[in-house]
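Working through the structure, step by step
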Amino acid sequence: MLRGILFAVLVTSFSAAATGQSHKVIFDTDFILPPGDDGLALLLALQSPELEILAITTVAGNASVERATAEVLWLLEAVGRTEIPVYQGADMPWVHERSDFAVDHHGKWYSNDAPPPPPGGHAQKKVEKETAVELLVRSVLASPNEITIVAIGPMTNIATAIRQNAAFSESVRELVIMGGAVASLQDGAGNITPNAEFNFWVDPEAARVALRSGIPIMLSPLNVSRKTALSKEWYEKMVASDTAITRLLRTTMGPRFERDPDRVWFMYDQVAVGSLIDPTLVVTEELFVDVDDNRGVSYGTSVGGTEIWPGAEGAKKMKVQHDLDWRRFIEMFVERMNAPVRARTR
Ligand code: RIB
Ligand code: CA
């Protein structure tokens with residue numbers, strides 16, 4: 001009798017734990033296909049039972065928003081996950097204009113070119129009619145404190161939603177951001193200017209609004225990305241099995257490693273997703289973090305400190321990742337790329 005009760009309690013608590021651990025996620029991305037980090041981050045999310053992807057929203061960043069949308073639609077079709085709706089978002093940052101520096105450096109957020117067809121041609125799947133911001137506000141308000149937003153591109157869509165509806169910020173469960181670089185922690189240099197990270201630099205005004213919104217934030221800056229190293233050796237383990245995902249990876253990543261077998265990539269957005277799947281993979285520190293939106297040498301730079309400092313009044317405290325259990329992270333990543341492709345959820 002006692003054993004029966006114990007078993008019932010265990011079964012109940014196991015299934016409660018299983019459902020309780022599944023984060024409802026909106027995935028906001030300046031998408032590019034693998035070997036781009038957004039593409040690999042989405043594959044990790046799709047292969048993770050801990051996450052339920054409600055929708056994907058696109059934003060200009062790595063490429064134009066049209067290209068981001070075209071490539072995410074293609075990837076979903078290629079891996080049989082067309083049940084996930086895609087909403088197109090901002091095609092430009094709020095204020096930051098095209099400049100010679102931007103044209104010469106990483107990123108095509110200013111591009112007006114038509115998106116090139118992904119391998120084999122554009123997807124049949126279509127983008128939704130509603131905009132990214134409409135979707136974000138509608139979904140979050142309909143399910144207060146239930147939805148986590150994973151934001152791995154410029155913060156334009158997120159900040160626009162924050163500005164558009166006063167109740168939005170207090171209704172988001174958590175915002176997991178890949179962005180910024182914190183100079184007061186190890187490995188805190190920038191990757192687009194000496195101190196600024198790409199996502200925050202593309203739209204500094206939006207990043208500042210998102211960071212100051214009061215939404216609970218887990219920040220995954222360059223400090224933690226720099227603890228990663230995706231090499232050909234790991235790639236070969238990733239594609240050891242034969243599935244729709246490994247075939248996609250062989251098509252998109254294989255030629256890059258054939259051309260340059262010694263190439264090693266940092267993993268940016270993948271770490272942000274990994275930290276939501278398993279927070280024990282990363283080491284964090286609680287810091288106030290703010291973004292410089294003054295047009296000058298530090299435009300787009302994020303600054304973190306244990307106390308508020310002059311000029312940062314209004315900054316909020318957040319969890320800032322600065323280290324990672326690399327071996328455990330990459331083994332989880334490889335295992336999920338190799339696993340049978342997860343079935344549609346609806
Ligand atoms: O700085 C890294 C970030 O900018 C990542 O989100 C990546 O996709 C890039 O473009
Ligand atoms: Ca990105």
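Fair warning: this is a prediction, and the values are worked out from it, not measured in the lab.

1. Topic: the site of ligand 1
- If you check the shell around ligand 1, you find 14 residues, and the closest are Asp 37, Asp 38, Asn 62, Glu 197 and Asp 269.
- Between an oxygen atom of ligand 1 and a main-chain N or O atom of Ile 152, the distance comes to 3.0 Å.
- Here an oxygen atom of ligand 1 and a side-chain polar atom of Asn 191 are 2.9 Å apart.
- Burial of ligand 1 by the surrounding chains reaches 97%, relative to a free accessible area of 280 Å².
- Among the detected pockets, ligand 1 sits in the largest pocket.
- Elements represented by at least two residues in the shell around ligand 1 include exactly α2 (37-46) and α8 (198-202).
- Counted by class, the shell around ligand 1 contains 5 nonpolar, 4 polar and 5 charged residues.

2. As for the coordination of the calcium ion (ligand 2)
- Here the calcium ion (ligand 2) is held by Asp 30 (OD), Asp 38 (OD), Asp 38 (OD), Ile 152 (O) and Asp 269 (OD), and the distances to it run 2.2 to 2.6 Å.
- Spacing between the donor residues of the calcium ion (ligand 2) along the chain follows D-x7-D-x113-I-x116-D. Taken together, the residues span a long stretch of sequence, with Asp 30 in the loop between β1 (23-29) and α2 and Asp 269 in helix α14 (residues 269-277) at a distance of 239 residues.
- Residue class for Asp 30 comes out buried when judged on its relative accessible area of 0%.

3. Digging into the environment of Val 140
- Looking at the secondary structure, you find Val 140 in helix α5 (residues 132-142).
- Looking at Val 140, the relative accessible area reads 0%, which means it is buried.
- In sequence terms Val 140 and Val 103 are 37 residues apart; their C-alpha atoms lie 35 Å from each other.
- If near-sequence neighbours (up to four positions away) are discounted, Val 140 is found in contact with Ile 147, Ile 149, Phe 168, Ser 171 and Val 172.

4. Section: the nonpolar core
- Core analysis: the largest hydrophobic core is formed by 59 residues, its most contacted members being Phe 27, Leu 42, Leu 75, Met 238 and Leu 249.
- Apart from residues lying up to four places away in sequence, Leu 249 is in contact with Pro 34, Leu 40, Leu 43, Tyr 235, Met 238, Val 239, Gly 254 and Met 337.
- In this structure, Ile 162, Val 172, Leu 175 and Ile 177 belong to the second largest nonpolar core, which totals 37 residues.

5. Points about the side chain of Ser 171
- On the secondary structure map, Ser 171 appears in helix α7 (residues 168-171).
- Classification of Ser 171 by relative accessible area gives buried; the value is 8%.
- A polar contact of 2.7 Å, which involves the side chain of Ser 171, links it to the backbone oxygen of Ala 167.

6. A closer look at the sheet that holds strand β6 (residues 217-220)
- Here 9 strands make up an open sheet; going across it, the order is β3-β2-β1-β4-β5-β6-β9-β7-β8 and the pairing mixed. In this open sheet, the two edge strands, each paired with only one partner strand, are β3 (86-88) and β8 (302-305). With direction set aside, neighbouring strand axes in the sheet form an average angle of 30°.
- Pairing of strand β4 (residues 147-151) with strand β5 (residues 174-178), which is carried by 4 bridges, proceeds in the parallel orientation. Across the sheet, residue Ile 149 finds its bridge partner in β5, namely Leu 175.

7. Comments concerning the pairing of β6
- Burial of β6 is two-sided: the residues Ile 217 and Leu 219 facing one way and the residues Met 218 and Ser 220 facing the other way are all buried.
- In this structure, β5 lies alongside β6, joined through 4 bridges in parallel fashion. Paired with Ile 177 across the strands is Leu 219, a residue of β6.
- With 2 bridges connecting them, β6 and strand β9 (residues 316-324) associate as parallel partners. Each bridged residue has a counterpart across the sheet, and for Met 218 the counterpart in β9 is Lys 319.

8. What to know about the packing of α14 against helix α15 (residues 326-338)
- Closest axis-to-axis distance for the α14/α15 pair is 11 Å, and the angle between their directions is 90°. In terms of axis orientation, α14 runs roughly perpendicular to α15. Between α14 and α15, the contacting residues are Gln 270, Val 271, Gly 274 and Ile 277 on the first element and Phe 329, Met 332, Phe 333 and Arg 336 on the second.
- Partitioning the contact of α14 with α15 into residue classes produces 5 nonpolar, 2 polar and 1 charged.

9. With respect to the pattern of salt bridges
- One pass over the full model with this rule turns up 14 salt bridges.
- In this structure, the salt-bridge partner of Glu 83 is Arg 81, at a minimum N-O distance of 3.0 Å. We note that Glu 83, like Arg 81, is buried.
- Taking the shortest distance from any N to any O, the salt bridge between Lys 227 and Asp 187 comes out at 2.9 Å. In this pair, Lys 227 sits in the loop between α10 (222-225) and α11 (232-238) while Asp 187 sits in the loop between β5 and α8, placing the two residues 40 residues apart along the sequence.
- When salt bridges that share partners are traced, they join Arg 208, Arg 212 and Asp 290 into one network.

Analysis parameters
- Residues numbered from 1 in each chain as written.
- Chains lettered and ligands numbered in written order.
- Predicted model: local features only at pLDDT ≥ 70, side-chain atom pairs only at ≥ 80, totals over all residues.
- Heavy atoms only, no water.
- Near = heavy atom within 4 Å.
- Polar contact = N/O pair within 3.5 Å; in protein donor to acceptor, adjacent residues only side chain to side chain.
- Areas by Shrake-Rupley, 256 points an atom, 1.4 Å probe, with all protein chains shown as cover.
- 1 Å grid on protein atoms, 1.4 Å probe; cavity = no way out; pocket = protein on both sides within 12 Å on 5 of 7 lines; lining within 4 Å.
- Sits in = over half its atoms within 2 Å of the grid points.
- Helix = DSSP H or I, 4+ residues; strand = E, 2+ residues; numbered from the N terminus.
- Nonpolar A, V, L, I, M, F, W, Y, C, P; charged D, E, K, R; others polar.
- Donors = N, O, S within 2.8 Å, 3.2 Å for Na, K, Ca; no water.
- Buried < 20%, exposed > 50% of the residue type's maximum accessible area, 1.4 Å probe, protein only.
- Contact = heavy atoms within 4.5 Å.
- Core = buried A, V, L, I, M, F, W, Y, C linked by side-chain atoms within 4.5 Å.
- Pairing = 2+ DSSP bridges.
- Axes fitted to C-alpha atoms, helices over the stretch in contact; angles between N-to-C directions.
- Parallel < 35°, antiparallel > 145°, perpendicular 65-115°, else oblique.
- Salt bridge = Lys/Arg side-chain N within 4 Å of Asp/Glu carboxyl O.

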